[in-house]
Amino acid sequence: GREWLAVSHEGLHLFGLDDDMIFDPLLLAEDVDPRAVERAREEGRHGAALAMALRLNETGIVRETVEGVPLEGVKLAARAVGPEHLERLLQFLAVFMDTSPHVEFYLRWCLALLEQHGQHLARHTARYARAFRAMHGTVKVKYDDLRQICDENSYTLGFVEKQLLMNLDACKEDSAGGANNADAALTKDLD
């Protein structure tokens, strides 16, 4: 709904309402379509599937492809991403992580991309600044949310521990008092 395409004798014309829309017609081929991405995923060729999904630049297809990579295959899939699609993938990951409960999975993706493409990213910092800011913002929000949950859990666990210790102390006093009462009753019966 926000983009449309027109074909004329002059070529392919892409129009859209978003300034940051990316279309990659140089790397788009006839054999790159959603079915080809799905076939590559089913065959376990996650790197190839991700490269094709990034060429299509459709959020749903990229998300399915990224989330379809098993955790142990993330590093290999990250290696298959070319520099021309790196910024786009970082942007996608920031958006996906923001709405996903799978924080560790997406952090592993970020780490794998930094490990595989760190030198390139460092040399072209200005080019990737927008993606870095988006990623940093998303990670910071997730960090703050998790920190708050952990703090609340820490306070709750501290309360439960104090209650348990108080109950144990009360049980010890009752059992010690009960033993003294039993001794007193036994002594009274003997008298």
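Above this text is the structure in question.
Residues numbered from 1 in each chain as written. Predicted model: local features only at pLDDT ≥ 70, side-chain atom pairs only at ≥ 80, totals over all residues. Heavy atoms only, no water.

Caption draft 1: Region of interest: the overall build of the protein chain. Scanning the protein chain from N- to C-terminus turns up seven helices and two strands. Along its sequence from the N terminus, the protein chain presents helices and strands in the succession β-β-α-α-α-α-α-α-α. Put simply, the protein chain has 191 residues, and 28% of those count as buried. In the protein chain, 61% of the contacts between residues at least 6 apart in sequence involve partners at least 24 apart. Accessible surface computed for the protein chain: about 13,000 Å², of which carbon and sulfur atoms make up 56%. (Helix = DSSP H or I, 4+ residues; strand = E, 2+ residues; numbered from the N terminus. Buried < 20%, exposed > 50% of the residue type's maximum accessible area, 1.4 Å probe, protein only. Contact = heavy atoms within 4.5 Å. Areas by Shrake-Rupley, 256 points an atom, 1.4 Å probe, with all protein chains shown as cover.)

Caption draft 2: Expanded view of the packing of helix H2 (residues 46-56) against helix H5 (residues 83-99). Direction vectors running N to C along H2 and H5 enclose 85°, while the axes themselves pass 10 Å from each other. Compared by their axis directions, H2 and H5 come out roughly perpendicular. Contacts between H2 and H5 pair Leu 50, Leu 54 and Arg 55 from the former with His 85, Arg 88, Leu 89 and Phe 92 from the latter. Of the residues belonging to the contact of H2 with H5, the class tally is four nonpolar, one polar and two charged. (Axes fitted to C-alpha atoms, helices over the stretch in contact; angles between N-to-C directions. Parallel < 35°, antiparallel > 145°, perpendicular 65-115°, else oblique. Nonpolar A, V, L, I, M, F, W, Y, C, P; charged D, E, K, R; others polar.)

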